[in-house]
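# Summary of the model geometry
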Amino acid sequence: MSEQANANFPEAPEYAAGGEPPAKKRRELRQIRRRMEILEAAAEEFAIRGYHDASLQRIGDKVGLSKASLYYYVSSKSDLLAELLIAAVDSQPAEVSEGEPAERLREFMHTHVSRVCTTVEGQALADNSDVLMSKTAPANLAAARRRYEDVLASILRSGIASGDFRDVPVRPVVKFIFAGLNSVPQWYQPSGEFPLERVVDDVMGILLTGVLADGRSSSIAPTDSFDRTRTEK
């Protein structure tokens with residue numbers, strides 16, 4: 001499994017050097033590692049083929065399991081996509097839940113855009129956002145999506161309560177922000193003139209000025225580079 005993917009999936013438990021876990025623990029450890037392998041394979045499959053065209057058989061082939069054996073670990077494609085989204089929620093940095101609302105919002109946006117632009121599992125989530133956002137999404141997908149949205153909604157409500165953000169309708173703004181962030185991989189070019197960090201700050205600056213209270217200014221203002229590229233086009 002790649003180091004990049006490992007950084008965003010739950011880690012398998014470790015034991016002291018020289019220590020041998022009991023048989024039950026060894027089985028549990030193998031299952032955890034196998035599930036991590038399956039999630040990584042699923043992320044690649046979703047990113048390449050899309051959710052609807054993804055195949056459990058191909059996912060199983062990537063990890064050396066038959067389709068029947070794969071069902072020991074997962075029951076459906078929606079389970080896998082839901083787990084990828086939950087892993088994204090669980091891997092949010094501490095800065096998302098600590099500090100001033102504007103900085104928490106910035107960190108949330110930065111983490112999300114960096115993930116969807118630089119990791120396979122992030123690409124899988126962004127490319128299949130239509131499935132995640134669908135009103136007919138399976139219950140497990142809808143629950144995972146709601147859990148992720150609640151993180152952003154909590155930040156917005158905190159900012160509204162403190163007076164840092166305007167009193168905006170939270171749920172529609174949450175949908176708008178996710179739509180904007182998930183679109184970045186569609187036009188961002190890693191080989192382009194501007195590095196990802198700068199593009200992220202430009203996008204966040206524009207989004208933040210839409211929620212900051214009247215009379216307040218964002219410390220993350222759009223840079224000249226973003227304004228110039230917009231006017232040039």
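The structure this text deals with has already been given above.
Residues numbered from 1 in each chain as written. Predicted model: local features only at pLDDT ≥ 70, side-chain atom pairs only at ≥ 80, totals over all residues. Heavy atoms only, no water.

## Quick word on the pattern of salt bridges
Here is the rule we go by: Every case where a carboxyl oxygen of Asp or Glu lies within 4 Å of a side-chain nitrogen of Lys or Arg is listed as a salt bridge. Secondary structure elements follow DSSP: runs of H or I of four or more residues count as helices, runs of E of two or more count as strands, with numbering from the N terminus.
Summed over all chains, the structure comprises 10 salt bridges. Taking the shortest distance from any N to any O, the salt bridge between R171 and E149 comes out at 3.5 Å. With R171 in helix α10 (residues 170–187) and E149 in helix α9 (residues 139–162), this pair connects stretches of sequence that are 22 residues apart. Its salt-bridge partner being E149, residue K175 comes within 2.8 Å of it at the nearest N-O pair. In this pair, K175 sits in helix α10 while E149 sits in helix α9, placing the two residues 26 residues apart along the sequence. Linked through salt bridges whose partners overlap, the residues forming this network are R145, R146, E149, D150, R171 and K175.

## Observations concerning the side chain of R104
Under the convention used in this document: Only protein chains enter the area calculation, which uses a 1.4 Å probe; residues under 20% of their type maximum are buried, those over 50% are exposed, and those in between are partly exposed. Under the counting rule used here, the positive set is Lys and Arg, the negative set is Asp and Glu, and His together with the chain ends is not counted. Between two residues, a contact is recorded if the distance between any of their heavy atoms is within 4.5 Å.
With respect to the helices and strands, R104 occurs in helix α6 (residues 101–118). We note that R104 is buried and unpaired, the nearest opposite charge coming from E100 at a distance of 8.6 Å. When sequence neighbours within four positions are dropped, the list of residues in contact with R104 reads E95, V96, S97, E98, G99, S154, I155 and S158.

## Structural notes on helix α11 (residues 196–209)
This is how it is decided: A helix is expected to span 1.5 Å for every residue after the first.
With 14 residues, α11 should reach 20 Å at 1.5 Å per residue; the first-to-last C-alpha distance of 20 Å fits that figure. Within α11, burial applies to L196, V199, V200, D202, V203, M204, G205, L207 and L208.

## Looking at the nonpolar core
Our working rule: Nonpolar cores are built from buried Ala, Val, Leu, Ile, Met, Phe, Trp, Tyr and Cys residues. Side-chain atoms within 4.5 Å join them into one set.
In this structure, F46, L80 and L81 are the most contacted members of the largest nonpolar core, which totals 57 residues. With sequence-adjacent residues up to four places away left out, L81 is seen in contact with F46, Y51, L125, V131, L132 and L141.

## Details of the packing of α6 against helix α7 (residues 120–127)
Each pair of packed helices can be summarised by the angle the axes make with each other and by the distance between the axes. Rules: Orientation is described by axes fitted as lines to C-alpha atoms, over the contacting stretch for helices, and by angles from 0 to 180 degrees between their N-to-C directions. An angle counts as roughly parallel when it lies under 35 degrees, as roughly antiparallel when it exceeds 145, as roughly perpendicular when it falls between 65 and 115, and as oblique in every other case. Three categories are distinguished: nonpolar for Ala, Val, Leu, Ile, Met, Phe, Trp, Tyr, Cys and Pro, charged for Asp, Glu, Lys and Arg, and polar for the others, with Gly belonging to the last.
Between α6 and α7, whose axes approach to 5 Å, the crossing angle comes to 100°. One way to sum up the angle between α6 and α7 is to call them roughly perpendicular. For the pair α6 and α7, contact is made by R115, V116 and T118 and by V120, G122, Q123 and A126, respectively. Split by residue class, the contact of α6 with α7 holds three nonpolar, three polar and one charged.

## Here we look at the environment of T119
Here T119 lies in the loop between α6 and α7. Looking at T119, the relative accessible area reads 8%, which means it is buried.

## Brief notes about the environment of A126
With respect to the secondary-structure elements, A126 resides in helix α7. Each C-alpha atom of the pair A126 and A179 lies 9.1 Å from the other, and the pair is 53 residues apart in sequence. Beyond its immediate sequence surroundings of up to four residues, A126 is in contact with V116, N182 and P185.

## Some remarks on α9
Residues spaced three or four apart along an α-helix point in a common direction, a consequence of the helix completing one turn every 3.6 residues. With 24 residues, α9 ought to run about 34 Å at 1.5 Å a step, and its terminal C-alpha atoms sit 34 Å apart, in line with that. Considered for burial, the residues of α9 that qualify are L141, A144, R145, Y148, E149, L152, A153, I155, L156 and G159. Among the structural elements, α5 (77–90), α6, α8 (129–133) and α10 are those in contact with the buried residues of α9. Within two residues after α9, G163 carries a phi angle of roughly 85°, on the positive side.

## A look at the packing of aromatic side chains
Each aromatic ring pair is specified by the distance between its two centres and by the angle formed by the two planes. Our working rule: Ring geometry is summarised as follows: Phe, Tyr and Trp rings, the Trp one being its six-membered ring, pair when their centres sit within 6.5 Å, and such pairs are stacked at plane angles under 30 degrees, edge-to-face over 60 and tilted between the two. We call a charge positioned over a ring when the NZ of a Lys or the CZ of an Arg lies within 6 Å of the ring centre and within 35 degrees of the ring normal.
According to the stated counting rule, one finds five aromatic pairs in the structure shown. Taken together, a centroid distance of 5.7 Å and an interplanar angle of 40° make the contact between F46 and Y51 tilted. As far as burial versus exposure is concerned, F46 and Y51 are alike and both buried. When the centroid spacing of 5.8 Å and the interplanar angle of 70° are considered together, the rings of F108 and F178 count as edge-to-face. Here F178 lies in helix α10 and F108 lies in helix α6, a separation of 70 residues in the sequence. Neither F108 nor F178 differs from the other in exposure class; each is buried. Counting every residue linked through ring pairs, the aromatic cluster contains F108, Y148 and F178. Above the ring of Y51, the side-chain terminus of K77 is found at 4.9 Å from the ring centroid.

Keep in mind these numbers describe shape, not what the thing actually does.
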